[in-house]
Amino acid sequence: MKGGLTRESMKRKGSPVLPDMRGYFGEFGGRFVSETLMSALLELEKSFRAAWREKAFRDEFRETLADYSGRPTPLYFAESLTRETGGAEIWLKREDLNHTGAHKITNAIGQALLARRMGKSRLIAETGAGQHGVATATVAARLGFECQIYMGSEDVRRQALNVFRMKLLGSSVCPVDTGGKTLKDAISEALRDWSRTVRTTHYLLGTAFGPHPFPLIVRSFQSVIGQEVRRQILAKKGRLPDMLVACVGGGSNAMGLFHPFIGDESVNMFGVEAGGRSITPGEHAARFAGGSIGVLQGTRTFVLQNPDGQIENTHSVSAGLDYSAVGPELAYYRETGRMTFDWVGDDEALEAFQRLSRTEGIIPALESSHAIAYGVRLARAMTPDQIVVINLSGRGDKDVMEVSRILESKGEVGS
Ligand SMILES: *Cc1c(COP(=O)(O)O)cnc(C)c1O
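As the structure is a computational prediction, the values presented were derived from the model and not from experiment. (Residues numbered from 1 in each chain as written. Predicted model: local features only at pLDDT ≥ 70, side-chain atom pairs only at ≥ 80, totals over all residues. Heavy atoms only, no water.)

**Q** Looking at this structure, I do not really get the overall build of the protein chain. What am I missing?
**A** Scanning the protein chain for helices and strands turns up 17 helices and 14 strands. In terms of C-alpha radius of gyration, the protein chain reaches 20 Å, essentially the compact-globule figure of 22 Å for 415 residues. With respect to the principal axes defined by its C-alpha atoms, the protein chain has extents near 55 × 55 × 45 Å. A total of 415 residues make up the protein chain; the buried ones form 59% of that total. Restricting the contact set of the protein chain to residue pairs at least 6 apart, pairs at least 24 apart contribute 73%. Of the roughly 16,700 Å² that the protein chain leaves accessible, carbon and sulfur atoms contribute 51%. One way to put it: in the protein chain the 51 positive side-chain charges average out to a point 6 Å from where the 48 negative ones average out. (Helix = DSSP H or I, 4+ residues; strand = E, 2+ residues; numbered from the N terminus. Rg over C-alpha atoms; globule rule 2.2 N^0.38 Å. Buried < 20%, exposed > 50% of the residue type's maximum accessible area, 1.4 Å probe, protein only. Contact = heavy atoms within 4.5 Å. Areas by Shrake-Rupley, 256 points an atom, 1.4 Å probe, with all protein chains shown as cover. Lys, Arg positive; Asp, Glu negative; His and termini not counted. Charge placed at Lys NZ, Arg CZ, Asp CG, Glu CD.)

See the structure below:
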């Protein structure tokens, strides 16, 4: 966000007026919360809007991203993958090269700086597999916050290494024993904590989800991804890409890449959800394929639920995409037709995980592997003068053990 938005730049950028005053993107979004949380959210919105207008705040955000996280991340021409695929040029936005290994640190840095500006001394966050918990614990250490991470007890058991990382970074990890003992329960517990402690505490939500203004805040910080891609592809190719592809959990890496291109009609956008084992209840996390409109954790959006509104279980080989609702802004742009959504299943994602490792020497996160698989599918049907940019949201070191276990059980890799 350089300077103010002029009428011309508004036109070029499409519709930056969203969300509306009540936090709605069309019929999606809003804030469905208790009265205590409502005042916390109003304070947060006011503080964010003031901070985002302030050059000093944006400068500190940008400098921290540069010196602490290593931005700008490269935009890399995947020449071997392109050759093997046959079709459009495939470019990778290297979010995997960020500090802590994924795009999540950008949002954590932005919100932590905001919390400090608001005079808060304590951060809380939810985490599923632990990636967002580690990012939050990292910035808490860097900026001197007390920090508590809520994590379902089932996830605590499955993700022992990330639990140790968070503790090493000086945070405490609170296992949540309610419900299914996973991410959804951790979010509920973090919201409960926040409603008791809002005077001292900022809730650092990890994706473009939840009650307004969280989807707006997270998308604003993550938009640095798309802003860099625009600059980088214009410098290298002299034109904009034809296709943007990103995987979709809550929607932060997708909105971060897509948002700066909303007004560019020639740029197509594809969000890729987790198809899991199959599109049947409990076997996947493709909200747009198997979900319907409902309210979950403060926002109105597409939710995987049964006809009585009971939340369905989800499954994906990648923990970061394994959630039963999706960010409201993506639901809005799907409805207007600006963005297209599809899914990739476990097996195809595992295949892409190995393909990128073999062709480019880059081991992608399993989440990102869904985007790689889909981007390759698109590129194959396109011509060599066209350009596909895939968001490589994170690195795969965290997934290597799990992939090894799966491939061995299928007899595909000798031990
Ligand atoms: C958490 C995560 C995601 C999914 O989250 P979004 O908010 O949808 O971006 C994707 N990729 C990686 C590497 C992640 O860690």
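Back to the write-up after that little detour.
**Q** What is the right way to read the sheet that holds strand E3 (residues 75-77) from this model?
**A** In a beta sheet, neighbouring strands are held together by backbone hydrogen bonds and run either parallel or antiparallel to one another. The six strands lie next to each other as E3-E4-E14-E9-E10-E13, forming an open sheet whose pairing is mixed. Strand pairing shows two members of the sheet lacking a second neighbour, E3 and strand E13 (339-345), which therefore form its edges. Recorded for the sheet is a direction-independent mean angle of 25 degrees between the axes of neighbouring strands. By the bridge criterion, three bridges tie strand E9 (residues 243-247) to strand E14 (residues 387-392) in an arrangement that is parallel. Within E14, the position partnered with Val245 by the bridge is Ile390. Contacts from helix H11 (residues 224-237) reach E3, strand E4 (89-94) and E14 within the one sheet, and its direction differs from that of E4 by about 135 degrees. (Pairing = 2+ DSSP bridges. Axes fitted to C-alpha atoms, helices over the stretch in contact; angles between N-to-C directions.)

**Q** Quick question: what am I supposed to make of the site of the ligand here?
**A** In the vicinity of the ligand lie 16 residues, with Lys104, Thr207, Gly249, Ser252 and Ser393 positioned nearest. Interatomic distance of 2.6 Å between a side-chain N/O atom of Lys104 and an oxygen atom of the ligand. Within the contact set of the ligand, an oxygen atom lies 2.7 Å away from a side-chain nitrogen or oxygen of Ser252. Starting from 380 Å² of accessible surface for the ligand in isolation, the protein chains cover 97%. Across the shell around the ligand, the residue classes tally to four nonpolar, 10 polar and two charged. (Near = heavy atom within 4 Å. Polar contact = N/O pair within 3.5 Å; in protein donor to acceptor, adjacent residues only side chain to side chain. Nonpolar A, V, L, I, M, F, W, Y, C, P; charged D, E, K, R; others polar.)

**Q** Help me understand the packing of aromatic side chains in this model?
**A** Aromatic ring pairs: the centre-centre distance and the angle between the two ring planes describe each pair. What the rule picks out here adds up to 15 aromatic pairs. Considering the side-chain rings of Phe48 and Phe221, the 5.7 Å spacing of their centres and the 85 degrees angle between planes classify their relative orientation as edge-to-face. With Phe48 in helix H2 (residues 35-53) and Phe221 in helix H10 (residues 214-222), the pair connects residues that are 173 residues apart, well separated along the chain. Across the pair, exposure class does not vary: Phe48 and Phe221 are buried alike. Summarising the aromatic geometry, the rings of Trp194 and Tyr203 are spaced 6.1 Å apart at their centres and angled 70 degrees between planes, so their arrangement reads as edge-to-face. Look at Trp194 and you get buried, because its relative accessible area is 2%. Since its relative accessible area comes to 0%, Tyr203 is described here as buried. Members of the aromatic cluster, joined through ring pairs, are Phe28, Phe288, Phe302 and Phe341. The ring of Tyr68 has Arg142 sitting right over it, with the charged end atom 5.6 Å from the ring centre. Its guanidinium or amino end placed over the ring of Phe302, Arg334 lies 5.2 Å from that ring's centre, counting from NZ or CZ. (Phe/Tyr/Trp six-rings, centres within 6.5 Å; stacked < 30°, edge-to-face > 60°. Lys NZ or Arg CZ within 6 Å of the ring centre and 35° of its normal.)

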